[in-house]
Amino acid sequence: MEKVLERADTAGKKANEKGSMENTDIKYDNESLDPVNWEEMKELGHKMVDDMIDYLKDLKNQPVWRAPGEEMKNSFKRPLPVEPGDPQEIYKEFLKYVLPYNKGNVHPRFWGWVEGNGTVLGMLADMLASGMNPNLGVADHGAIYVEMQVITWLKEMLGFEPSASGLIVSGGSAANLIGIAVGRNGIEDIKTAGSNSKSKTPVIYCSSETHMSVQKAVEVLGIGTDNMRIISVDNNFKINLDELREKIKEDKEKGFTPFCIVGNVGTVNTGAIDPIEELYKISREENLWLHLDAAFGAFTALHDEYKDKIKGMQLADSVAFDLHKWMYVNYEAGCVIVRDEARHKKSFEVPASYLVKMDRGLAGAPITYSNYGLQLSRGFRSLKVWMSLKEHGRDKYARMISKNISQARYLESLVKENQKLEVLAPVEMNIVAFRYTDKSKTDAELNEINKEILITLQTEGIASPTNTVIKGKFAIRVSVTNHRSTKEDFDTLVKETIRIGENLSLK
Ligand SMILES: *Cc1c(COP(=O)(O)O)cnc(C)c1O
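Rules and cut-offs
Residues numbered from 1 in each chain as written. Predicted model: local features only at pLDDT ≥ 70, side-chain atom pairs only at ≥ 80, totals over all residues. Heavy atoms only, no water. Helix = DSSP H or I, 4+ residues; strand = E, 2+ residues; numbered from the N terminus. Buried < 20%, exposed > 50% of the residue type's maximum accessible area, 1.4 Å probe, protein only. Areas by Shrake-Rupley, 256 points an atom, 1.4 Å probe, with all protein chains shown as cover. Near = heavy atom within 4 Å. Polar contact = N/O pair within 3.5 Å; in protein donor to acceptor, adjacent residues only side chain to side chain. Phe/Tyr/Trp six-rings, centres within 6.5 Å; stacked < 30°, edge-to-face > 60°. Expected span 1.5 Å × (residues − 1). Arc of directions from axis to C-beta. Contact = heavy atoms within 4.5 Å.

## So, the overall build of the protein chain
Step number 1: Secondary structure summary: the protein chain contains 16 helices and 11 strands in total.
Step number 2: Principal-axis analysis of the C-alpha atoms gives the protein chain an extent of 95 × 60 × 45 Å.
Step number 3: The proportion of buried residues among the 507 residues of the protein chain is 48%.
Step number 4: Carbon together with sulfur atoms contributes 52% to the accessible area of the protein chain, which is approximately 26300 Å² in total.

## Details of the site of the ligand
Step number 1: Not every one of the 14 residues close to the ligand is listed here, only the nearest: Ser 173, Asp 293, Asp 322, His 324 and Lys 325.
Step number 2: A distance of 2.8 Å is found between an oxygen atom of the ligand and a backbone nitrogen or oxygen belonging to Gly 172.
Step number 3: Asp 322 is positioned with one of its side-chain polar atoms (N or O) 2.8 Å from an oxygen atom of the ligand.
Step number 4: When residues in the shell around the ligand are grouped by element, the largest group, three residues, is from helix α7 (residues 172-184).

## Some points on the packing of aromatic side chains
Step number 1: Counted by the stated rule, this structure contains six aromatic pairs.
Step number 2: Aromatic pair Tyr 91 and Phe 94: ring centres 5.8 Å apart, planes at 15°, arrangement stacked. With a gap of three residues between them, Tyr 91 and Phe 94 both fall in helix α4 (residues 87-98), about one helical turn apart.
Step number 3: Look at Tyr 91 and you get buried, because its relative accessible area is 6%.
Step number 4: With a centroid separation of 6.4 Å and 35° between ring planes, the pair formed by Phe 110 and Trp 113 is classed as tilted.
Step number 5: Look at Trp 113 and you get partly exposed, because its relative accessible area is 48%.
Step number 6: Within the aromatic cluster, the residues linked to one another by ring pairs are Phe 160, Phe 299 and Phe 321.

## Some points on helix α6 (residues 142-158)
Along an α-helix, a turn takes 3.6 residues, which lines up residues three or four apart on a common side.
Step number 1: Given a rise of 1.5 Å per residue, 17 residues ought to cover 24 Å, and the 25 Å separating the end C-alpha atoms of α6 matches this to within 8%.
Step number 2: When we look at burial in α6, the residues that qualify are Ala 143, Ile 144, Val 146, Glu 147, Val 150, Ile 151, Leu 154, Lys 155, Met 157 and Leu 158. Around the axis of α6, the buried residues are gathered within 165° of arc, so they sit on the same side.
Step number 3: Here the buried face of α6 lies against β1 (165-169), β6 (318-322), β7 (334-338) and α14 (382-417).
Step number 4: Positive backbone phi, approximately 85°, marks Gly 159, located one or two places after α6.

Structural data, given as structure tokens:
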């Protein structure tokens, strides 16, 4: 090391002796994007950490959500900064215009869509990951060992074969795309021939309750929604197997190429779980790829009762699940697992002279993650997953999932007990779709009343459920993937829903 520096020094002196030439002058050589004052930046950093931890500690006493006002909106219509700004002032603006308008999914009474809260250590892990700022595309460095460890642990936690491959991705949408892409690339000449493949018209099957990200994947992959067979569901919102079998048969008779079934392990509307073992059986009989969207349902594998309901998940060819939902990991983090590692790699490996693996040195990594997904440059998402798993351990996650399922059942019981409320779909897992009801009102009137109740719950900062429509009825939809919720929060929701509903009914 010293010798190298010495040599560089001599070279520098020689260059100086020659006299610096005008055109080799380096402008701004002493300028970088590092802090102008390191000590001040350190102090600011400490303050940020203190503020954010205080913010997370005090959520219960804060409104779940605040509507962005005019002043706030106008603060994001300012001219492009041309000269450097003061970090202290920038942080003040963050405190004034960004933080108070947080979406609210950190809050104990947020039950919208399917969203996790994140954790305090997860937040700090993101800071560390960002500080290290490694790129996990290629190369031999600490971060990829963390990711390998995390994937091994997730496979063990959910019961997948150790030989399966995995990748940490941005979320369920990316994981669905990757899983379905690997399945489609099993059509022998499709990677080269594309739409001129000898196999005519690849067809994919899923239920009408399937998440829209699957349709997006179908469109992006060029399969086309005309070749996406939407199979109807039964009263419990599970895929109709007879119809599925029939459609596959029909498509084969027409000379099409059925290639994939997408099953749901927890639908987003109602939490329904498709009959996974049956889907697996059909996929083997018909020689189809079985991809499962287990975005939030996967972690019920940790639940004594539910692990049987999702039995067979581990047999699927590919499985997509989120870590930022029911693992409560800070955004973003999802994962895709593919049973056949070789097929996974074959789908995404593209040779490039600048990416050739070396025996030793920086390019001598044991795994090249860019061979398993779309991204080459990829951030260090796995650090927060690794730290979270170590901080809490499998059994605590199992308890949190169990708690959320019990809370959904508790809410269901409150709704069923109360004549002013009505459950609109069976509560299979952690999702409760219900509405305020009044015998003197029509369904159309109730739809309007419930819309207003939902919006009032949100705008008054009381709670944030979101909406869906179940068999034509507007539903207040509560999805519990929240480690901060307590029983009391659901009591508040029910009490407030009735209060607002009664006020509206009187009008
Ligand atoms: C959330 C969700 C997705 C999409 O996952 P993202 O992480 O939002 O990309 C897909 N399927 C289901 C069932 C989901 O709940």
